[in-house]
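# Structural features, examined
In case you want the letters, here they are:
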Amino acid sequence: MDGVILRSTYRRRLDAGSDTTWFGTFDLELDRKPGTSGACDATDLPRGSRLALWCAMQLEPSDASGVRVVERLAGHLVLEPIDGGPPPSWPWMIEGLRSRFPARHSNDGPEAAWLILPDGSTVIVDVEPSRAAEPPRSALADSTAAPHDHASVVPVTPHPRQVELRSTAVRHRRARLAVSTTAIADVWSSVAGLGQRSGWDVLDTLGVDSDATPATLAIVAELSEEAYDLDIADGAITIRAGGDRGIRHALVTLGQLLAVEAGAPELSVSDKPQVAFRGIHLDLARRWFEPDVVERMIDIAAWRKLSHVHLHLTDDEAWRFHVDAYPTLASIGGTRGHGLALAPSCGSGPAPYGRAYTNGEIGRWVQRADALGITLVPEVDVPGHCHAALVSVPELRDPDDASTVSSVQGYPNNVLVPGRPITMTFLEAVFATLADLFPSSPTLHIGGDEVPFGSWEGSPDTRAYAAARGLVSTSQIETAFHRELIQMISTTTGRDVAMWEEAALAGVEPSGYAVAWTSADAGVRLARAGHRVVMAPGQTNYLDMAPGRAWELPGGSWAGNVTLADTCTFDPTAGWDDDLAGLLHGVQACIWGEHIADLDILDTLTFPRLDAIAERAWTGRIVGGPEALAERSAGLPRFTT
């Protein structure tokens, strides 16, 4: 059997029930594609066939749907006709599957589906983008901010803080290293390699191109580490910087200027970043990205003068690195699929999907990041978001746990168990491995977000843990757990510890930094609690949010539709009192994987909004407004180029 297709239609409604409010329904039509060989009759779908699908909206059959759920995990469902029923005829219509969350974009409907035949074999079903029963909403156009007073706009992103354009009569298209030190020559080579990988061979590493403009580079004491001055005049390039990072930033600016079709004009630049931490986060658990995509992300960050790349290596859906003491984390937790311990999720189908990255692959990320002055921040998210770990290492569970809570994503009891002896032994091995894999990372990230309220209420192990410490609530237990975890990591690895806002706001003492993600106000609350803060509010900095209101646009919408104008307008310093300003560590863009089916979608969601975040972090404003930013962004490398 082949050529099966699934169509879905979303109908908006508000159905307030006693337990759950349902925000809409999906009608499904399973049919054979036109021209498919074989008779389209009931004999093609034998009795006992089931339909499996994944949908982010967490669907539930209504009484009229004619199906019942025989298996569920978060958005993964297996459906069969009620009471085993007669074989469905073509098309198989399933009407009124209620959605737990409102659908606002076509990818909110089913993203993957397959038939499970009575003999256990599977048939992949092609899934069309979901349709809306009502006319799709028009896209929300970006509003263009009024231009700022600034020096002439140059084709560089992020735009330098100060630019003096001298002449466009003379243009420079390539540069050669004339005078420097050995250390500076190494930085030159790393940026030259960055350019070559992007198709911009504009920095001559051998110094023999007689047509290239000679460049003199020097480190000077009067500039801060990341600051630089760049001067192009009289047939020569002069760069002065406060350190290797400043040299690198200057060469990135120079590379972008040389790479434009017209070449670099004669100008002077005086530049330094607004904030120290300028980051991008990529979810490697929910979707599988090939190792070279991560290497490319490091390049993308370097071209935008970002300082940090945050790698989300574990979640409910997968575990992405090897831990020698617990080999099943990789062998079981790295791959999901039909019939495997980890069920398909986030658009993956029945075939085995993903794996753990090898130590060698991670080592190449570290090498690339070190060469480009990028700090990697590896994350293991605990104690919540641990379904993959708990499936891979079952002894992590309390066997007598009678808790019945689920995460917002629909994973039941997806938390590690404080008080269970193996828990801290496990975490010691995990974070020791993480420190070994990322030797140049000063910070390890422990997650700490979205622990379901009521977790551990039915766990004897955790009740004993809580009683010994006088704890009574989920929040108090989580705080005690994090304090012990931070102490262990600090003692055994010597690294700082970063976390999401929930862990910090629960009362954990400041350590490393905390990421504010639910709102901009959360950042101020974190600062008032004494934490260094990285601002990443979902309403402006979550790049997996759809970039407009149109039904056809990819992305999520729980934080709203985040347009380029929204991202450009956000000022991370707004609302911060002077006495708190020193705790604003920086800003971060976040990309989560639920709706990223391929690199084209990753590009669509990431750019140009990433460049708006990078420019705000570097320059403190968006030079020329959203339209000018988008034009400059179009010239920078992306994932698919």
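Nothing here was measured: the structure is a model prediction, and the numbers come from that model.

The sheet built from seven strands is open, its strands ordered β11-β17-β15-β16-β14-β12-β13 with mixed pairing. Edge strands, defined here as strands with exactly one partner in the open sheet, are β11 (162–172) and β13 (203–204).

Throughout the structure, instances matching the rule amount to zero disulfides. Left without a disulfide partner, Cys-55 is nearest to the cysteine sulfur of Cys-346, which lies 11 Å away. Given a relative accessible area of 0%, Cys-55 falls into the buried group. With no disulfide partner, Cys-386 has as its closest neighbouring cysteine sulfur the one in Cys-346, 16 Å distant. For Cys-386, a relative accessible area of 2% translates into the label buried.

This paragraph deals with the confidence of the model for the protein. Overall, the prediction assigns the protein a mean pLDDT of 93, with 95% of residues at 70 or greater. Segment residues 38–42: pLDDT under 50, and nine contacts once partners within four positions in sequence are set aside and those in other chains are kept. Predicted confidence for residues 139–151 stays below pLDDT 50, and this span has 19 contacts to residues more than four positions away or in other chains.

Further remarks concern the layout of surface pockets. Approximately 780 Å³ is the volume found for the largest pocket. In terms of residue class, the lining of the largest pocket is made up of 16 nonpolar, seven polar and nine charged. Here the second largest pocket is characterised by a volume of approximately 410 Å³. In terms of lining, the second largest pocket is formed by 22 residues, of which the most central are Glu-111, Arg-287, His-595, Ala-597 and Ile-601.

Inspection of the entire model under this criterion finds 27 salt bridges. The salt bridge partner of Arg-286 is Glu-594, with a shortest N-O separation of 3.3 Å. Placement of Arg-286 in the loop between β18 (277–283) and α3 (291–303) and of Glu-594 in the loop between β27 (584–591) and α14 (599–606) is noted, with a sequence separation of 308 residues between them. Accessibility expressed as a relative area gives 3% for Arg-286, which makes it buried. One salt bridge connects Arg-368 with Asp-299, and the closest N-O pair in it is separated by 3.1 Å. Of the two residues, Arg-368 is situated in helix α5 (residues 359–371) and Asp-299 in helix α3; the sequence distance between them amounts to 69 residues. Of the two residues examined, Arg-368 and Asp-299, each falls in the buried class.

So, about the packing of helix α7 (residues 421–437) against helix α9 (residues 474–493). Two numbers describe how α7 lies on α9: the axes approach to 10 Å, and their chain directions differ by 45 degrees. Considered as vectors, α7 and α9 are oriented oblique to each other. Taken as a pair, α7 and α9 cross one another with a handedness that is right-handed. Contacts between α7 and α9 involve Thr-423, Met-424, Leu-427, Glu-428, Phe-431 and Ala-435 on the former and, on the latter, Phe-481, Glu-484, Leu-485, Met-488, Ile-489 and Thr-493. Per-class residue counts for the contact of α7 with α9 are eight nonpolar, two polar and two charged.

What counts, and where the lines are drawn
Residues numbered from 1 in each chain as written. Predicted model: local features only at pLDDT ≥ 70, side-chain atom pairs only at ≥ 80, totals over all residues. Heavy atoms only, no water. Pairing = 2+ DSSP bridges. Helix = DSSP H or I, 4+ residues; strand = E, 2+ residues; numbered from the N terminus. Disulfide = S-S within 2.5 Å. Buried < 20%, exposed > 50% of the residue type's maximum accessible area, 1.4 Å probe, protein only. pLDDT = per-residue confidence, 0-100. Contact = heavy atoms within 4.5 Å. 1 Å grid on protein atoms, 1.4 Å probe; cavity = no way out; pocket = protein on both sides within 12 Å on 5 of 7 lines; lining within 4 Å. Points joined across faces, edges and corners; volume = space filled by probe spheres on them. Nonpolar A, V, L, I, M, F, W, Y, C, P; charged D, E, K, R; others polar. Salt bridge = Lys/Arg side-chain N within 4 Å of Asp/Glu carboxyl O. Axes fitted to C-alpha atoms, helices over the stretch in contact; angles between N-to-C directions. Parallel < 35°, antiparallel > 145°, perpendicular 65-115°, else oblique. Left-handed = near helix turned anticlockwise from the far one by under 90°.

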